[in-house]
Amino acid sequence: MLQGTYIEIYIISILSFLFLTGILLFQKTKRKIKELEEKINTIENARVEEFITIDGRLATLKKMFIDKVNQLDLKINELLQKNNHLYEKYNAIGVELDKKMEPFQSLFEVTVSKVNSSQEALKEAIEEGENEIKKMAEGIYSFSKEIREMKDFIRERTIDLEL
Amino acid sequence: MEETISTILIAELINPPELIDHMTVLQYEDMLGDFQNTVFDIVTHHLECYGYNSFGTDYEWSIMGEELRVFLYSGHVQFDIRNALLIAAKIKIAWLISNFTQNIVYEGHQISHIGVGINCGKVIKDLRPWRAKIGQIQPNVEGYVINLTRHIQLASREGSVSQILVGQNLYKRCQLNSQLNIAFSPQKSLSFRGFDQKIPIYEVVSFINFEIIPSMPPSLQGGILKKIEHIIKNKVPEPWLFIILLRSYISQLAKGDDENLAAKAVDLAQHALEVLDYKVVIYNMLGWLYNNCKSVRNLKIA
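Residues numbered from 1 in each chain as written. Chains lettered and ligands numbered in written order. Predicted model: local features only at pLDDT ≥ 70, side-chain atom pairs only at ≥ 80, totals over all residues. Heavy atoms only, no water.

**Student:** What is the right way to read the overall build of chain B from this model?
**Tutor:** Counting secondary structure elements, chain B contains 12 helices and 9 strands. In terms of overall dimensions, chain B is globule-like: its C-alpha atoms have a radius of gyration of 20 Å, near the 19 Å expected for 302 residues. A principal-axis box enclosing the C-alpha atoms of chain B has dimensions of 70 × 50 × 40 Å. Here chain B, with 302 residues, has 55% of them falling under the buried criterion. Long-range contacts, defined here as pairs at least 24 residues apart, represent 69% of the contacts in chain B between residues at least 6 apart. For chain B, the accessible area works out to roughly 14,400 Å², and carbon and sulfur atoms hold 51% of it. When the 27 positive and 30 negative side-chain charges of chain B are each reduced to one mean point, those points stand 6 Å apart. (Helix = DSSP H or I, 4+ residues; strand = E, 2+ residues; numbered from the N terminus. Rg over C-alpha atoms; globule rule 2.2 N^0.38 Å. Buried < 20%, exposed > 50% of the residue type's maximum accessible area, 1.4 Å probe, protein only. Contact = heavy atoms within 4.5 Å. Areas by Shrake-Rupley, 256 points an atom, 1.4 Å probe, with all protein chains shown as cover. Lys, Arg positive; Asp, Glu negative; His and termini not counted. Charge placed at Lys NZ, Arg CZ, Asp CG, Glu CD.)

And the structure:
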């Protein structure tokens, strides 16, 4: 009977030990989990802060960019306006010039046509001249050939009579 | 009816009996064909080159068998005479260098010669009614002088140098023309059938004219001098060829073509002196060679 009691006590003590150990482990685990959660929270917070910082910077940059673009846009518009103004001025001058040039235009066209026709006439004259020169050259060539033949003929005829 | 002064040339083949006797009909036909083609080439080419206008206008010619007849009546008798003499010399050369004759020479037989009679005188150009009836619409040249020229041509068989015989009219005109370097044999008077009196004839013993060889038809120009040299080398009895060949050498020397030709010309001239009776022209040629060729300095020869 006593022997049974010892065993029960032993088992009970073991179980109690296990139980206590389990409790201790549980407590420890819980504490660790809590610590981890805290760390996670800390990291989360830090991340959120980081995001906030980045968003802020992006917004700043965006704003800066928009400002710059707007400034540029203004300048481009100014330039375009100036350009339009210049274009209008140029058109006005062109119209003015056309008005002033109108009397000269017809004169110029006449002159150009005259120059063209003179050029054509000159070209024809040159071509005719070239043909004439060619003919003359051919004539001179055949004449020189004839002279040469005549010279040979005279030489041979002289020999005939000498003999 | 139109009267004009015409220069008449009648040429005919003179065949040695030895040649005719050994000839078959086909061989004779070959000979006749060669003769007619040669004569045709010479006459057509010559008349065209020397500015004759057209058949019936200033010349007429015909070939019948072995006989050629040419009538020249350009209106300038001296011009026609020169052309008749050139044609005569050219047909004789062309016949000698023809394939037929060259073959005969190669075989060592006697060759056929061409006998020529030339004269000039008045002729008429008329279209007889009977000719018109048989369809001959061209006026025909007729006259006493043609008959005479025919007899002169027949007498050319007796010639010993060129066998080109001329009548009295042509001879007199040649004597008046100082531009024509021609020499004739002493006059011979022959009796012809149908003529009461004796007819004077003369043989051409020398006719110097540089145009003879250069104005041959292009088809006959190839190797012409070599063929003439071959004829002379084979001692064919055509002594007038010496003068033609020497004149051609002198032309080449005058152009400065070949100085070595001078020695060849001197040799030929020496040979000619042995063969020809009429030597004056050969002496003149030697004199020319001496005067104009540096390589000929043998005064004794000149």
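**Student:** Help me understand the overall build of chain A, please; the structure alone is not making it clear to me.
**Tutor:** Each helix and strand counted, chain A has 1 helix and 0 strands in total. Relative to its length of 163 residues, chain A is extended, with a C-alpha radius of gyration of 59 Å against a globular reference of 15 Å. The buried share among the 163 residues of chain A stands at 3%. Per element, the accessible surface of chain A, about 15,300 Å² overall, is 65% carbon and sulfur. For chain A, the distance from the average site of its 25 positive side-chain charges to the average site of its 29 negative ones is 13 Å.

**Student:** In this structure, what is going on with empty space enclosed by the protein? I would like to understand it.
**Tutor:** Over the atoms rolls a probe the size of a water molecule, and its path tells where empty space is left. Residue and element names in this part refer to chain B. What the rule picks out here adds up to 1 cavity of 30 Å³ or more. Approximately 100 Å³ is the volume found for the largest cavity. Around the largest cavity, the lining residues are L85, A89, S162, I164, V204, V205, S206, F207, W240, I243 and I244. Looking at the lining of the largest cavity, the elements with two or more residues in it are α3 (77-96), β9 (199-208) and α10 (240-255). Per-element tally for the lining of the largest cavity: the top contributor is β9, with 4 residues. (1 Å grid on protein atoms, 1.4 Å probe; cavity = no way out; pocket = protein on both sides within 12 Å on 5 of 7 lines; lining within 4 Å. Points joined across faces, edges and corners; volume = space filled by probe spheres on them.)

**Student:** What exactly am I supposed to notice about the interface of chain A and chain B here?
**Tutor:** Put simply, an interface is often sized by how much accessible area is lost when its parts join up. Taken residue by residue, the interface counts 9 residues in chain A and 17 residues in chain B. A combined buried area of about 1,200 Å² lies between chain A and chain B, and 54% of that area is made up of carbon and sulfur atoms. Taken together, the connections running from chain A to chain B amount to 3 salt bridges. Put simply, A:D160 and B:R247 hold a salt bridge, and the shortest N to O gap is 2.6 Å. (Buried area = accessible area lost by both parts, 1.4 Å probe. Salt bridge = Lys/Arg side-chain N within 4 Å of Asp/Glu carboxyl O.)

**Student:** Even after reading the chapter, I still don't get the environment of B:Q270, so can you show me in this structure?
**Tutor:** Residues and elements named next belong to chain B. Relative to the helices and strands, Q270 is located in helix α11 (residues 261-275). For Q270, a relative accessible area of 34% translates into the label partly exposed. As a C-alpha pair, Q270 and L286 span 16 residues in sequence and 8.9 Å in three-dimensional space.

**Student:** Sorry, what's going on with unusual backbone geometry here?
**Tutor:** Negative phi is the rule for most residues except glycine; trans is the rule for most peptide bonds. Phi at B:Q163 takes a positive value of approximately 60°, unusual for a residue other than glycine. Inspection of the secondary structure assignment puts B:Q163 in the loop between α6 (144-155) and β6 (164-167).

**Student:** Sorry if this is basic, but what is going on with the nonpolar core here?
**Tutor:** Soluble globular proteins tend to bury their nonpolar side chains together. B:L9, B:L68, B:I93, B:I118, B:I228, B:I282 and B:L289 are the most contacted members of the largest nonpolar core, which has 93 residues in total. Discounting residues that sit within four places of it in the chain, B:L68 has contacts with B:L9, B:I10, B:A11, B:V39, B:V43, B:W61, B:S62, B:I63 and B:I91. (Core = buried A, V, L, I, M, F, W, Y, C linked by side-chain atoms within 4.5 Å.)

**Student:** How should I be thinking about the packing of helix α2 (residues 25-49) of chain B against α3(B) in this particular structure?
**Tutor:** The geometry of a pair of packed helices is captured by two quantities: the angle between their axes and the separation between those axes. All names here are of chain B. As a packed pair, α2 and α3 sit with axes 10 Å apart at the nearest point and diverge in direction by 145°. The way α2 lies across α3 gives a crossing that is right-handed. Counting all contacts with α2, which are made through M31, D34, F35, T38, V39, I42, V43, H46 and L47, the residues of α3 involved are N83, L86, I87, K90, I91, A94 and W95. Residue classes in the contact of α2 with α3 are distributed as 11 nonpolar, 3 polar and 2 charged. (Axes fitted to C-alpha atoms, helices over the stretch in contact; angles between N-to-C directions. Left-handed = near helix turned anticlockwise from the far one by under 90°. Nonpolar A, V, L, I, M, F, W, Y, C, P; charged D, E, K, R; others polar.)

**Student:** Whenever I open this one, the packing of aromatic side chains confuses me. Can you help?
**Tutor:** How two aromatic rings sit relative to each other is given by the distance of their centres and the angle of their planes. Residue and element names in this part refer to chain B. As enumerated under the stated definition, the model contains 10 aromatic pairs over all chains in all. A centroid spacing of 6.2 Å and a plane angle of 90° characterise the contact between Y52 and Y59, whose relative ring orientation is edge-to-face. Here Y59 falls in the buried class, since its relative accessible area comes to 13%. Between W95 and F100, the ring centres sit 5.9 Å apart and the planes meet at 25°, which makes this aromatic pair stacked. Each of the two residues, W95 as well as F100, counts as buried. An aromatic cluster is present here, built from Y52, F55, Y59 and F79 joined pairwise through their rings. (Phe/Tyr/Trp six-rings, centres within 6.5 Å; stacked < 30°, edge-to-face > 60°.)

**Student:** What am I meant to see in the side chain of B:S215 here?
**Tutor:** Relative to the elements of secondary structure, B:S215 occurs in the loop between β9 and α8 (218-221). Aside from chain neighbours lying at most four places away, what touches B:S215 is B:H45, B:Y50, B:K90 and B:Q221.

**Student:** It is not clear to me how the packing of α3(B) against α10(B) should be interpreted in this structure. Could you clarify?
**Tutor:** Residue and element names in this part refer to chain B. At a closest axis distance of 12 Å, the pairing of α3 and α10 adopts a crossing angle of 95°. When the interaxial angle is binned, α3 and α10 end up roughly perpendicular. Residues A89, K92, I93 and L96 of α3 lie in contact with α10, whose contacting residues are W240, L241 and I244. The residue inventory of the contact of α3 with α10, partitioned by class, reads 6 nonpolar, no polar and 1 charged. (Parallel < 35°, antiparallel > 145°, perpendicular 65-115°, else oblique.)

**Student:** Which parts of the structure should I look at to understand the pattern of salt bridges?
**Tutor:** Side chains bearing opposite charge may pair, as long as their charged atoms lie close to each other. All names here are of chain B. Summed over all chains, the structure comprises 15 salt bridges over all chains. The closest approach of N and O atoms between E12 and R150, which form a salt bridge, is 3.4 Å. With E12 in strand β1 (residues 2-14) and R150 in helix α6, the pair connects residues that are 138 residues apart, well separated along the chain. Taking the relative accessible area as the measure of exposure, R150 reaches 18% and is therefore buried. Between E67 and R69 there is a salt bridge, with the nearest N and O atoms lying 2.6 Å from each other.

**Student:** It is not clear to me how a negative patch on the surface should be interpreted in this structure. Could you clarify?
**Tutor:** Residue and element names in this part refer to chain A. Among the surface-exposed residues, E120, E124, E127, E128, E130 and E132 lie close enough to one another that they form a single negatively charged patch. You can see E130 is positioned in helix α1 (residues 2-162). When its relative accessible area of 46% is taken as the criterion, E130 is described as partly exposed. (Patch = residues over 30% accessible without salt bridge, like charges linked within 9 Å, V, L, I, M, F, W, Y side chains within 5 Å.)

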